[in-house]
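Descriptive analysis of the structure
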Amino acid sequence: MLSSLFSSQRRLRKAQIPALAQATPSPLHQAWKALRSNPLAMFCLILLVVMALWCVFGPMFSPWRDEATDALMINKAPNAQHWLGTDFLGRDIYTRLLLAGRISLVIGLLTMLLSVTLGYLLGALSGYVGGLTDKIVMRLADLMMTIPTLPLLLVMGAMLSELDFSPDSRIYMVIVMLSLIECPKLARLVRGQILSLREREFMLATQVLGLSSRRRVFRHLLPNTVPILVVMATMAVANAILMESALSYLGLGVVPPMASWGNMMDAANSLIDFQRRPWLWMPPGIAIFLTVIAINVLGDGLRDALDPKMKRG
């Protein structure tokens, strides 16, 4: 009789599992709901989407082209024809601002993807395997992080100039260069998360249950590092845009005729331009400021949404 009672209760619990699964929202749905409850983060998300769409489709509706010069319109202030004025070659600042936004945003996104991929793989390998692998990977990361970022960027940028890459291929080399600088930080972060997670109860339970190493790693360990990885990925985009802007401003990053927000600011490289022609440097400067601030605020919102334990008081 007891066995029949236990079997009936077991069948009842099995019947309730689908209903409970439907009633419990997925982690992604919970994170999206938490993010929507943060108005500032949502505003920054909308702002970034609008800026990206504006940079992609805006130049198509502009009557001016990036390479179109006009000797009679050199260094003109904003007017009805040129909303943001013209530069020292008579090119329309508004059109160049949008085209430069494409380059700067693409560099930020591709740098993030490459650095996150390399950092994630190296950090996970170092944290899970340990031993000699951990020592080699972390010592290389420590070596990279002990070198000041700006001097390292200057040396790498000078090497690119010395090797005489074409403007198109130079963009890809800048992406690789920035990714190598961001990669060690992400690797150390992922390694710390792996070391913390592999000693927790749910990972010990997977060993007791006899799950294979592949299933323990890919089904239980690595998915729990995704929240912090998403947050760091957003920060990596902002860092890449800032570093590319600094390099291009110094003439060591993206070079003409390719436009980026950094080398647009480099056009105002004299005191006269800075004082009397603010339309040369203010639009790209404001674009960099708004983009980086929006990405950082969105990263804070994602951190609070994906990992409530890290939420600030």
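Residues numbered from 1 in each chain as written. Predicted model: local features only at pLDDT ≥ 70, side-chain atom pairs only at ≥ 80, totals over all residues. Heavy atoms only, no water.

1. A word on the overall build of the protein chain
Inclusion rule: Labels follow the DSSP assignment, with helices taken as runs of H or I lasting at least four residues and strands as runs of E lasting at least two, numbered in each case from the N terminus. The classification of residues rests on relative accessible area computed with a 1.4 Å probe and restricted to protein chains. Under 20% of the type maximum is buried, over 50% is exposed, and intermediate values are partly exposed. Throughout, a contact is declared for two residues whenever any of their heavy atoms are within 4.5 Å. Only the protein chains shown count as cover for residues, and the accessible areas themselves come from Shrake-Rupley with a 1.4 Å probe.
Regarding its fold elements, the protein chain presents 13 helices and zero strands. Beginning at the N terminus, the succession of helices and strands in the protein chain can be written as α-α-α-α-α-α-α-α-α-α-α-α-α. Within the span of the protein chain, comprising 313 residues, buried residues form 40% of the whole. When contacts within the protein chain are restricted to residue pairs at least 6 apart in sequence, long-range pairs at least 24 apart make up 68% of them. Surface accessibility of the protein chain: about 18000 Å² in total, with carbon and sulfur atoms responsible for 69%.

2. What about a nonpolar patch on the surface?
In plain terms, the rule: Residues qualify for a patch when their relative accessible area is over 30% and they have no salt bridge, like charges being joined within 9 Å and the nonpolar side chains of Val, Leu, Ile, Met, Phe, Trp and Tyr within 5 Å. Salt-bridge detection follows one rule: a side-chain nitrogen of Lys or Arg within 4 Å of a carboxyl oxygen of Asp or Glu.
A cluster of nonpolar side chains, contributed by Val-49, Leu-53, Val-56, Phe-57, Met-60 and Phe-61, occupies part of the molecular surface with about 620 Å² of accessible area. Checked against the element boundaries, Phe-61 lands in the loop between helix H3 (39-57) and helix H4 (93-129). Here Phe-61 falls in the exposed class, since its relative accessible area comes to 69%.

3. Quick notes on the UniProt feature "transmembrane region" (unreviewed entry) in the protein chain
Here is the rule: UniProt positions are given in the numbering used here, feature names are shortened, and annotations may be inferred rather than shown by experiment.
Per the UniProt record, the feature "transmembrane region" (unreviewed entry) sits at residues 40-61, 103-128, 140-159, 171-190, 221-242 and 279-302. Structurally, residues 40-61 is divided into 82% helix and 0% strand, and its ends, taken at the C-alpha atoms, are 30 Å apart. Split by type, residues 221-242 is 82% helix and 0% strand. Its first and last C-alpha atoms lie 33 Å apart.

4. Comments concerning the packing of aromatic side chains
Quick reminder of the rule: Each Phe, Tyr or Trp ring (for Trp, its six-membered ring) is paired with any other whose centre lies within 6.5 Å, and the angle between the two planes then decides the class: stacked below 30 degrees, edge-to-face above 60, tilted in between.
Enumeration according to the criterion identifies three aromatic pairs in this entry. Plain terms: the ring middles of Trp-83 and Tyr-94 are 5.4 Å apart, the flat faces sit at 50° to each other, and that makes the pair tilted. Taken together, the residues Trp-83 in the loop between H3 and H4 and Tyr-94 in helix H4 connect sequence positions eleven residues apart. Centroid distance Phe-274 to Trp-281: 4.7 Å. Interplanar angle 10°. Geometry classified as stacked.

5. A few points about the nonpolar core
Worth spelling out the cut-off: For our purposes a nonpolar core is just a set of buried Ala, Val, Leu, Ile, Met, Phe, Trp, Tyr and Cys residues, chained together by side-chain atoms within 4.5 Å.
Counting residues in each nonpolar core, the largest one holds 47 residues, and the members touching the most others are Leu-35 and Trp-261. Counting only elements with at least two residues in this core, the list comes to H3, H4, helix H7 (167-197), helix H9 (213-221), helix H10 (226-249), helix H11 (261-265) and helix H13 (282-306). Counting residues per element, this core draws most heavily on H4, at ten residues. In terms of nonpolar packing, the next biggest core, distinct from the first, is built from 17 residues, Leu-153, Ile-181, Ala-240 and Met-243 among them.

6. Focus on H10
Definition in use: Here a helix's expected span is defined as the number of its residues, less one, multiplied by 1.5 Å.
Its 24 residues place the ends of H10 34 Å apart at the C-alpha level, agreeing with the 34 Å of an ideal helix rising 1.5 Å per residue. Of the residues one or two after H10, Gly-251 is the one with positive phi, at around 80°.

7. What to know about helix H5 (residues 131-146)
Heads up, the rule is: The directions considered for the arc run from the helix axis to the C-beta atoms.
Its 16 residues place the ends of H5 22 Å apart at the C-alpha level, agreeing with the 22 Å of an ideal helix rising 1.5 Å per residue. When we look at burial in H5, the residues that qualify are Asp-134, Val-137, Met-138 and Ala-141. Buried residues in H5, looked at end-on, bunch into an arc of 90°, giving them a common side. Opposite the buried face of H5, at more than 90 degrees from it, the exposed residues are Leu-132, Lys-135, Leu-140, Leu-143 and Thr-146.

8. Section: the side chain of Ser-248
Defined as follows: Polar contact criterion, stated in full: a pair of N or O atoms within 3.5 Å, where within protein one must be able to donate a hydrogen and the other to accept it, and residues adjacent in sequence count only if both atoms are side-chain atoms.
Structurally, Ser-248 is set in helix H10. The exposure class of Ser-248 is buried, given its relative accessible area of 1%. Here the side chain of Ser-248 touches Val-254 through a polar contact of 3.1 Å, landing on its backbone nitrogen. Dropping the residues within four chain positions of it, Ser-248 is found in contact with Gly-253, Val-254, Ser-260, Gly-262, Asn-263 and Asp-266.

9. Focus on the packing of H4 against H7
Which entries qualify depends on this criterion: Axis definition: a line fitted to C-alpha atoms, over the contacting stretch in the case of helices. Angles run 0 to 180 degrees between N-to-C directions. A crossing counts as left-handed when the near helix is turned anticlockwise from the far one by less than a right angle, and as right-handed when that turn is clockwise. Gly counts as polar in this scheme, as do all residues outside two lists: the nonpolar Ala, Val, Leu, Ile, Met, Phe, Trp, Tyr, Cys and Pro, and the charged Asp, Glu, Lys and Arg.
At a minimum axis distance of 5 Å, the contact between H4 and H7 shows a crossing angle of 35°. Of the two elements, H4 crosses H7, and the hand of that crossing is right-handed. Of the residues contributing to the contact of H4 with H7, the split by class is 20 nonpolar, seven polar and two charged.

10. What about the pattern of salt bridges?
Following the criterion strictly, the structure yields eight salt bridges and no others. Look at the salt bridges and you will find they share partners, linking Asp-87, Arg-91 and Arg-96 into a network.

11. Looking at the packing of H7 against H10
Heads up, the condition is: Here the angle decides the label: under 35 degrees means roughly parallel, over 145 means roughly antiparallel, 65 to 115 means roughly perpendicular, and every other value means oblique.
Between H7 and H10, the least distance of the axes is 10 Å, while the angle of their chain directions is 150°. Comparing the axis directions of H7 and H10 gives the class roughly antiparallel. The crossing of H7 and H10 is right-handed. For the pair H7 and H10, contact is made by Val-174, Met-177, Leu-178, Ile-181, Glu-182, Leu-186, Leu-189, Val-190 and Gln-193 and by Ile-228, Leu-229, Met-232, Ala-236, Asn-239, Ala-240, Met-243, Glu-244 and Leu-247, respectively. Its residues placed into classes, the contact of H7 with H10 shows 14 nonpolar, two polar and two charged.

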